[in-house]
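Fold and geometry: a report
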Amino acid sequence: VCCRGEEDMATEGDVELELETETSCPERPPEKPRKHDSGAADLERVTDYAEEKEIQSSNLETAMSVIGDRRSREQKARQEREKELAKVTIKKEDLELIMSEMEISRAAAERSLREHMGNVVEALIALTN
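An account of the accompanying structure is given in this report. All values derive from a computational prediction rather than experimental measurement.

Here the focus is the packing of helix α2 (residues 57-87) against helix α4 (residues 106-115). Here α2 crosses α4 at 90 degrees, and the two axes come no closer than 9 Å. Between α2 and α4, the interaxial angle falls into the category roughly perpendicular. Between α2, through R81, E82, L85 and A86, and α4, the contact on the second element is made entirely by R111, R114 and E115. For the contact of α2 with α4, the residue count by class is two nonpolar, no polar and five charged.

Right, here's the structure in full:
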């Protein structure tokens, strides 16, 4: 028996019989239906959509300049805030009290005191919350 889907001729006495062999061979498994062909089509649609929505370089440059301006403004605001906090006078005893009670570093205690304009009670309340 041949596995190529050909027809074999068999003779039985004076009568000829045509026998068709099965198209699928026991040596080769039948082809499985292709389940992922629709995925390739979906991917093609997505890439087509993305190509239609390309960002023009002028729009990109505008966006980058807006982001850069925003970052520079935020940095200037932080620097001004740090200058204001540096002007606040704090007492050494208050700083040591917060450091010992809250068990935090000198920098963290100083920052908290400066943010609360040297008020120990407000600084301690803020650190406990």
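What follows continues from the structure just given.
For residues besides glycine, phi is generally negative; the peptide bonds are generally trans as well. For E103, which is not glycine, the phi dihedral falls at a positive 55 degrees. Tracing the backbone shows E103 in the loop between α3 (92-102) and α4. At M117, a residue that is not glycine, the phi angle is positive and equals roughly 55 degrees. Tracing the backbone shows M117 in the loop between α4 and α5 (120-128). Accessibility expressed as a relative area gives 58% for M117, which makes it exposed.

Core analysis: the largest hydrophobic core is formed by six residues, namely L95, I98, A109, L113, V120 and A123. Of all the secondary structure elements, the ones that give two or more residues to this core are α3, α4 and α5. Beyond its immediate sequence surroundings of up to four residues, I98 is in contact with E103, I104, A109, L113, V120, A123, L124 and L127.

So, on to a nonpolar patch on the surface. Taken together, the side chains of L60, M64 and I67 present a nonpolar region at the surface, about 290 Å² in accessible area. Assignment of secondary structure puts M64 in helix α2.

D94, L95 and I98 are the residues of α3 that are buried. Projected down its long axis, α3 shows its buried positions confined to an angular sector of 100 degrees, all on one face. Exposed positions of α3 whose direction lies more than 90 degrees from the buried face are K92 and E93. The inward-facing, buried residues of α3 contact α4 and α5.

Reading the values: rules and limits
- Residues numbered from 1 in each chain as written.
- Predicted model: local features only at pLDDT ≥ 70, side-chain atom pairs only at ≥ 80, totals over all residues.
- Heavy atoms only, no water.
- Axes fitted to C-alpha atoms, helices over the stretch in contact; angles between N-to-C directions.
- Helix = DSSP H or I, 4+ residues; strand = E, 2+ residues; numbered from the N terminus.
- Parallel < 35°, antiparallel > 145°, perpendicular 65-115°, else oblique.
- Contact = heavy atoms within 4.5 Å.
- Nonpolar A, V, L, I, M, F, W, Y, C, P; charged D, E, K, R; others polar.
- Buried < 20%, exposed > 50% of the residue type's maximum accessible area, 1.4 Å probe, protein only.
- Core = buried A, V, L, I, M, F, W, Y, C linked by side-chain atoms within 4.5 Å.
- Patch = residues over 30% accessible without salt bridge, like charges linked within 9 Å, V, L, I, M, F, W, Y side chains within 5 Å.
- Areas by Shrake-Rupley, 256 points an atom, 1.4 Å probe, with all protein chains shown as cover.
- Salt bridge = Lys/Arg side-chain N within 4 Å of Asp/Glu carboxyl O.
- Arc of directions from axis to C-beta.

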